[in-house]
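The primary structure of each chain is shown beneath.
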4 protein chains.
Amino acid sequence: MISFTCDYNEGAHPLILKRLLETNLQQEPGYGHDAFTASARTRIREACACPSAEVFLLTGGTQTNSTVIATMLRDYQGAVAAETGHIAVHEAGAVEYTGHKVLTLPSHDGKMRADDLRAYLAHYYADGSYDHMVFPGLVYISFPTEYGTLYSLSELQALRAVCDEYKLPLFVDGARLGYGLMSPACDVTLQDLAALCDVFTIGGTKVGALCGEAVVFPHGAPDHFFTMVKQHGALLAKGRLLGIQFDVLFTDGLYFKIAQGAIDLAMQLKDLFVSKGYELFMDSHTNQQFVLLTPEAMQRLEGKVAYEVWDTLPDGRAVTRFATSWATTPEQVDALAHIL
Amino acid sequence: MISFTCDYNEGAHPLILKRLLETNLQQEPGYGHDAFTASARTRIREACACPSAEVFLLTGGTQTNSTVIATMLRDYQGAVAAETGHIAVHEAGAVEYTGHKVLTLPSHDGKMRADDLRAYLAHYYADGSYDHMVFPGLVYISFPTEYGTLYSLSELQALRAVCDEYKLPLFVDGARLGYGLMSPACDVTLQDLAALCDVFTIGGTKVGALCGEAVVFPHGAPDHFFTMVKQHGALLAKGRLLGIQFDVLFTDGLYFKIAQGAIDLAMQLKDLFVSKGYELFMDSHTNQQFVLLTPEAMQRLEGKVAYEVWDTLPDGRAVTRFATSWATTPEQVDALAHIL
Amino acid sequence: MISFTCDYNEGAHPLILKRLLETNLQQEPGYGHDAFTASARTRIREACACPSAEVFLLTGGTQTNSTVIATMLRDYQGAVAAETGHIAVHEAGAVEYTGHKVLTLPSHDGKMRADDLRAYLAHYYADGSYDHMVFPGLVYISFPTEYGTLYSLSELQALRAVCDEYKLPLFVDGARLGYGLMSPACDVTLQDLAALCDVFTIGGTKVGALCGEAVVFPHGAPDHFFTMVKQHGALLAKGRLLGIQFDVLFTDGLYFKIAQGAIDLAMQLKDLFVSKGYELFMDSHTNQQFVLLTPEAMQRLEGKVAYEVWDTLPDGRAVTRFATSWATTPEQVDALAHIL
Amino acid sequence: MISFTCDYNEGAHPLILKRLLETNLQQEPGYGHDAFTASARTRIREACACPSAEVFLLTGGTQTNSTVIATMLRDYQGAVAAETGHIAVHEAGAVEYTGHKVLTLPSHDGKMRADDLRAYLAHYYADGSYDHMVFPGLVYISFPTEYGTLYSLSELQALRAVCDEYKLPLFVDGARLGYGLMSPACDVTLQDLAALCDVFTIGGTKVGALCGEAVVFPHGAPDHFFTMVKQHGALLAKGRLLGIQFDVLFTDGLYFKIAQGAIDLAMQLKDLFVSKGYELFMDSHTNQQFVLLTPEAMQRLEGKVAYEVWDTLPDGRAVTRFATSWATTPEQVDALAHIL
């Protein structure tokens, strides 16, 4: 059985494992004070063209989102997100658990529109009783979104402009950042993100690492962020595990190369489905492809190919997701072609 | 420079890395639903002689403590701990961050006494205004303690008896459990713990893993513990990373063997200090040795041997900690001997 | 200037003040252990025809909602509410501050539909990843709603049926309960509520008291609710203040009488607006009347009559709220008639 | 039966009730925007000789403490208090419920010593792993303390000096402030407090009000304190109830006069016990007197006089508390004299 269910079905990129082996007995201090983490930070700053950025390495996505959001907000503030945003739906209420509301705006294929954001903020501050409500405290978007869609550079700039107008920090959740940046449809660079965001993450878990999300604060982190990371249970004793992985991923552009490979195969996958007459649920340009499958098609794949079912349409077809990753091989796509 | 500063200076036991490599491309579901985690759970249940135990694998110690405590307690309850307990001092207020007070009792070389616990509980319930105070909701102890000391089986039984009397769950934080169980001074087994506790942890990070704490609930976990683990940001997407490590650690008794090796070297270390005329701060039987060093002695080690300084006595001597681990070698202890 | 801005513009019903004076020097224990509170509890139980109900007296509405919701839910659960629900909008995130998400459903003139609730719950549990989301833990509705609308008995029974199906407690926020029960459009009684709810509140602040909300748990309160009330800062030292007020309000049906008076005047107010050719924003049968006012009409009222502006329609008319209360007099309605 | 159990056994000072009656039908906006609250604020600022102070009126003591502390602290900070401090013991964990640890120092008859505070802070910042611990974020003391003792002006200045040294705000809980300021042993004025504190409270509940604590921020309140008060469930819809009470209490020095009366009677009470040969548990100069009673003495008072029992000494005598209040009469003290 071949699995396209998600982009975290396998372990880590071989170069990461190789480096873990090579460095295994090198004695290093804990909690991110090791030489590997220092090196990873430098490489990430360089890749972002942002030498003064503060960089922290955390373990998982929900952990990172709730830690960043809780530490960026004051008690009276919430995070503004699209109603399909990961923090609004699939994080078991981790943000609310820290005491903060997620304020939702309409989703347009997973994206938040600058106009919707501006209208919401204008309406909020025009309300005579706004100080009885939760203050918008930061804007959260995902890049790519949960639907595999991408913000264009001008869309990001438009959101940034609204944020500037209302003095709101902009947080980009890049759990699948590599797959976004390497998409043929993407006109945004890592440097653009560093220039436009107050904080963003570079997802490792889904792009070749065993675990790990890099949090980048281009203009500086909240005071005592280290202690709050610990308070959130997000501080790894052997920080080297994260340091080594990001150090390898940001050496010789590995992060981008392996994302590129996954994107190439995702585009092949899309072409394959289209050429075989399948309808796409939406036209995705990243590593997640959404395909409508009839019950017959699903039966054909049964026991041979795994994928995720998101929903069922009234006509009986399933909305399915096929994800490629750094570990997907051309052979796996070929095998799928034969089965279809 | 040789470092004895702590037991998380190196990577992972070679057998763990070997297994990570071997299984790297095996496709497995995420979030702990993988075959490795299933196998690790079975092995841990067997080692505990507790076939019905529920076992969860989390990433770090503070994370595990705050998640377990928050999910075991009702809002009106707090956790009772020795005032030196890790949760009371060195976790950046992670337990309080979840809304619960840590209620402290006197520490006797890091241990809580059953008599103190009973007296506290009796006094609490005798107080006419006890319902204006935080209810004791569980008892937290560390094994070994933060001072490297151990509860005897009868001490644990005595604590259990008080817990039974007051219907309080007993939680044993085993961040260094292996080093406790393998100590020559220990008369407690893993099976004893499973029989005496409502929940305990088996620390991986400090006993050969890159990361990971196994949480064992002999009598069942809180409802929807999985979801609350996610809510605490403690659910790893690639749960296989934890599954593989604990599967290896509990194959052929590796966990106990590597702990034994560290204990043997710690005993050599202790003998070494004593034979050279150094005074021990306390007589520890685990992998952490506490030695009093004069400024002259410290100067002799300067630049050659690293260790942790805990405090300074009025006579100018430092209370220092030398820790061995699964990675410590006889050669390192020999090198220290030559320098002393 | 006459104010119809809200139903808490004045002090308390004269009988309450009279009783405060009469009992002022009677020495009573604090924290709700006084004789007045005991009597109020008995009277409320009787009015509810629910002799085993547990009754607590708290001070304010947001306080009551967040305390009740936090103590009814487990950490992994949220409260389901209409998107216009008070807890979802106008409580400054008080529920989220306790760690719980408010899960919103569509509002139909302020009401939640049983069908929407059932569809949401069915969809939730059908989702393969539902344990990565917030569990619905209770259903919150307001009676009357924030829009002055009322659930019919059959609508409440339908919601109860869904709650039963999914084992969810039903919480009715009765901040303006009296005005709902006394509405000519209401076919629900206090006894019905006690039979249908797991917990509901009887609002005092807006129905003649200086402050105070009675929380009624027909089938028993959460364990140690008293202590959690204290933990939420909601326990009044001089509980007598609340006890006396509810004791008076539930003596000789005062609560219902004064609500009836306000409803009668609200119906006059509605008739007045309609007869003068004003359009209603919606047809409300409770003490809050929503009227569309042109800028000219607003100018006519300027400086003479106060009311609340909720929104502005594209045609320039304002959605306004005129509220009557126990303290509204026929003379005030007459005065308004002359100005219109 | 006469009760000396506490200072909140009765209702409110007659002048407060009178004013509630007089103003009852005056229409005023809610949430503290009423004219009475505005007037009370002005009077309190004048009494404090601090025209720029921000003043908020909340309902109860625990509520006020947890709201003030949570809004003054950042997530990584805790409140430093004497181990006998009200927030550390008798508030059901309300501070921890907001996510913050209470860091305790030794109590000296209920007081925190500046030297202890300085030593703690120096030790904290000297600890190499201090950023794994909870940062001290403010200093909380009670005036008078829970034991009825008072800080002298020089003691307060010494605490302030340490606070300045470490840039920590100083919070004085004045739940019984009047009884402290009017004590013959007190050399501190309200103006001194305003000059020395970053925030302090003026307790109304125990000094003549039905409920209410005034929170005074001499140098300004945290941003959006109003919204956070609402979030904590501490915002009263009919803020007039608090406004009227504090307006009356700070008209013609009523607050101080009624405190003086209680103090005079407390001193008589103390003299009475001493003259009858009873031993004091401690020499209190405020409205709470702590007396050691033998079982025989207690039997004599049985059914005639109520008081609070705090503890029992090994010799069988009870540590008891007799409190006077604004409502205590000379006749009540005389009656006690006859029974003794």
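For the structure itself, consult the block above.
Worth saying up front: this structure is predicted, and the values here are computed from it rather than measured.

Calculation notes
Residues take numbers from 1 onward in each chain, read along the sequence in its written order. Written order decides the labels, with chains lettered from A and ligands numbered from 1. Where totals are concerned, whole chains, interfaces and linings use all residues; where local detail is concerned, this predicted model gives features only for residues with pLDDT of at least 70, and gives and counts side-chain atom pairs only at 80 or more. Side-chain measures were taken over the full set of non-hydrogen atoms in the model, leaving aside hydrogen atoms and water. In this text, helices come from DSSP runs of H or I with a minimum length of four residues, and strands from runs of E with a minimum of two, each type numbered from the N-terminal end. Our radius of gyration looks at C-alpha atoms and nothing else; its globule reference is 2.2 Å times the residue count to the power 0.38. Burial here depends on accessible area, computed with a 1.4 Å probe over protein chains only, as a share of the maximum for the residue type. Under 20% is buried, over 50% is exposed, and the range in between is partly exposed. By the convention used here, residues are in contact when the closest approach between their heavy atoms is within 4.5 Å. For the accessible areas, the method is Shrake-Rupley and the probe is 1.4 Å, while residue cover comes only from the protein chains on display. Residues scored as positive are Lys and Arg, those scored as negative are Asp and Glu, and His as well as the terminal groups of each chain are ignored. Lys charges are placed at NZ, Arg charges at CZ, Asp charges at CG and Glu charges at CD. The copies were overlaid with a least-squares fit restricted to C-alpha atoms from residues scoring a pLDDT of at least 70 in each copy. Side-chain rings of Phe, Tyr and Trp, where Trp is taken by its six-membered ring, are said to pair if the distance between their centres is within 6.5 Å; with planes under 30 degrees apart they count as stacked, over 60 as edge-to-face, and otherwise as tilted. Helices are assigned an expected span. That span is 1.5 Å times one less than the residue count. Residues are called lining when one of their atoms sits within 4 Å of a cavity or pocket point, these points coming from a 1 Å grid over the protein atoms alone, where a cavity is a set in which a 1.4 Å probe fits but cannot get out and a pocket is an open set with protein on both sides within 12 Å along at least five of seven lines. Grid points are joined across faces, edges and corners, and a volume is the space filled by probe spheres set on the points. Here, any two strands with at least 2 DSSP bridges between them count as paired. Here an angle of 0 to 180 degrees is reported between the N-to-C directions of two axes, which are lines fitted to C-alpha atoms, with helices fitted over the stretch in contact. Here the word oblique covers every angle except those under 35 degrees (roughly parallel), over 145 (roughly antiparallel) and from 65 to 115 (roughly perpendicular). Any residue outside Ala, Val, Leu, Ile, Met, Phe, Trp, Tyr, Cys, Pro, Asp, Glu, Lys and Arg is labelled polar, Gly included; the first ten of those are nonpolar and the last four are charged. What qualifies as a polar contact is a pair of N or O atoms within 3.5 Å, subject to a donor-acceptor requirement within protein and to the restriction that residues adjacent in sequence count only when both atoms come from side chains. Two helices cross in a left-handed way if the nearer one is turned anticlockwise from the farther one by less than a right angle. They cross in a right-handed way if the turn is clockwise. We define a nonpolar core as any set of buried Ala, Val, Leu, Ile, Met, Phe, Trp, Tyr and Cys residues linked to one another through side-chain atoms lying within 4.5 Å.

Colleague: Quick question: what am I supposed to make of the overall build of chain A here?
Modeller: Looking only at helices and strands, chain A has 14 helices and 13 strands in total. Taking 2.2 N^0.38 as the reference for a compact globule, 340 residues should give roughly 20 Å; the C-alpha atoms of chain A span a radius of gyration of 20 Å, in line with that estimate. A principal-axis box enclosing the C-alpha atoms of chain A has dimensions of 60 × 55 × 35 Å. Expressed as a percentage of the 340 residues in chain A, the buried residues total 66%. For chain A, long-range pairs separated by at least 24 residues make up 71% of all intrachain contacts whose partners lie at least 6 apart in sequence. Accessible surface, chain A: about 11,400 Å² in total, of which carbon and sulfur atoms supply 52%. For chain A, the separation between the mean place of its 24 positive charges and that of its 39 negative charges on side chains is 5 Å.

Colleague: Help me understand the relation of the copies chain C and chain B, please; the structure alone is not making it clear to me.
Modeller: One chain copy maps onto the other through a rotation about an axis and a shift parallel to that axis. In screw terms, the move from chain C to chain B is a rotation of 180° and a rise of 0.1 Å along the axis, fitting with an RMSD of 0.1 Å. Interpreted geometrically, this transformation is the action of a two-fold axis. Closest to the rotation axis within chain C is the C-alpha of R74 of chain C, separated from it by 4.1 Å. Interface residue correspondence from chain C to chain B reaches 90%, placing this contact among same-surface, isologous pairings.

Colleague: Just to check I follow, could you spell out the packing of aromatic side chains for this structure?
Modeller: Aromatic ring pairs: the centre-centre distance and the angle between the two ring planes describe each pair. Residues and elements named next belong to chain A. Summed over all chains, the structure comprises 92 aromatic pairs over all chains. On the basis of an interplanar angle of 35° and a centroid distance of 6.4 Å, the ring pair of Y147 and F290 is categorised as tilted. Linking Y147 in the loop between β5 (135–142) and α7 (153–166) with F290 in strand β10 (residues 288–293), this pair joins segments that are 143 residues apart in sequence. Classification of Y147 by relative accessible area gives partly exposed; the value is 23%. Between F273 and Y278, the aromatic rings sit 5.4 Å apart at their centres with planes inclined by 85°, giving edge-to-face as the arrangement. With relative accessibility at 14%, the residue Y278 sits in the buried group.

Colleague: Just to check I follow, could you spell out the relation of the copies chain A and chain B for this structure?
Modeller: Overlay of chain A on chain B (RMSD 0.0 Å): rotation 180°, translation along the axis 0.0 Å. Residue by residue, 100% of the interface of chain A is reproduced at the interface of chain B, so both copies engage with the same surface.

Colleague: Hey, could you run me through helix α3 (residues 61–72) of chain D in this one?
Modeller: With twelve residues, α3 of chain D should reach 16 Å at 1.5 Å per residue; the first-to-last C-alpha distance of 16 Å fits that figure. Of the residues making up α3 of chain D, those classed as buried are T62, Q63, T64, N65, S66, T67, V68, I69, A70, T71 and M72 of chain D.

Colleague: Explanation requested: empty space enclosed by the protein in the structure shown.
Modeller: Where empty space is left becomes clear once a probe the size of a water molecule has been rolled over the atoms. Scanning all chains against the criterion turns up 14 cavities of 30 Å³ or more. By volume, the largest cavity is sized at about 340 Å³. What lines the largest cavity is a set of 20 residues, among which Y97 of chain A, Y97 of chain B, Y97 of chain C together with Y97 and T98 of chain D lie closest to the centre.

Colleague: What should I look at first to understand the sheet that holds strand β10 (residues 288–293) of chain D in this one?
Modeller: Think of a sheet as strands paired side by side through backbone hydrogen bonds, with each pair either parallel or antiparallel. Residue and element names in this part refer to chain D. Read from one edge of the open sheet, four strands run β9-β10-β13-β12, paired in antiparallel fashion. Sheet topology places β9 (279–282) and β12 (308–312) at the edges, where each strand pairs with a single neighbour. Between one strand axis and the next, the sheet turns through 35° on average, direction left out of account. Looking at chain direction, β12 and strand β13 (residues 318–323) are connected through four bridges and run antiparallel. In the strand pairing of β13, V309 is matched with T320.

Colleague: How should the packing of helix α12 (residues 254–275) of chain D against helix α14 (residues 330–339) of chain D be read in this particular structure?
Modeller: Residues and elements named next belong to chain D. The geometry of α12 relative to α14 is characterised by a closest axis approach of 10 Å and an angle of 10° between their N-to-C directions. Between α12 and α14, the angle falls in the class roughly parallel. Facing L265, Q268, L269, L272 and F273 of α12, the residues of α14 in contact are P330, V333, L336 and A337. Looking at the contact of α12 with α14, its residues break down into eight nonpolar, one polar and no charged.

Colleague: When you look at the pairing of strand β3 (residues 77–82) of chain D in this model, what are you seeing that I'm missing?
Modeller: Working note: regular strand, side chains alternate between the two faces of the sheet. Residues and elements named next belong to chain D. Buried residues dominate β3, accounting for six of its six residues. As paired strands, β3 and strand β5 (residues 135–142) are joined by five bridges and run parallel to one another. The partner of V80 across the bridge, within β5, is V139. In this structure, β3 lies alongside strand β4 (residues 102–105), joined through four bridges in parallel fashion. By the bridge assignment, A79 is partnered in β4 with V102.

Colleague: Please clarify how the side chain of S3 of chain A should be interpreted in this entry.
Modeller: Examined against the element boundaries, S3 of chain A turns out to sit in strand β1 (residues 2–3). Residue S3 of chain A is classed as buried on the basis of its relative accessible area of 14%. At 2.8 Å, the side chain of S3 of chain A forms a polar contact with the side chain of N9 of chain A. In this structure S3 of chain A touches N9 and A306 of chain A together with Q27 of chain B, once residues within four positions along its chain are discounted.

Colleague: Help me out: how do you make sense of the packing of helix α1 (residues 14–22) of chain D against helix α11 (residues 240–249) of chain D in this one?
Modeller: Residues and elements named next belong to chain D. Direction vectors running N to C along α1 and α11 enclose 130°, while the axes themselves pass 9 Å from each other. Put simply, α1 runs oblique to α11. Like other packed secondary-structure pairs, α1 and α11 cross with a definite hand, here right-handed. From α1, L15, I16, R19 and L20 reach across to α11, where they touch L241, I244, Q245, V248 and L249. Of the residues assigned to the contact of α1 with α11, the class counts are seven nonpolar, one polar and one charged.

Colleague: Honestly, the nonpolar core in this entry has me stumped. Any pointers?
Modeller: Where a protein is soluble and globular, its nonpolar side chains tend to be buried together. In this structure, F200 and I202 of chain A together with F200 and I202 of chain B are the most contacted members of the largest nonpolar core, which totals 142 residues. Those residues in contact with I202 of chain B, other than ones at most four positions away along the chain, are I44, G174, L177, L190, G212, E213, A214, V216, F246, F250 and Y255 of chain B. Counting 140 residues, the second-largest nonpolar core is a separate cluster that includes F246 of chain C together with A82, C197 and L236 of chain D.

By themselves, these observations are geometric and do not establish any function.
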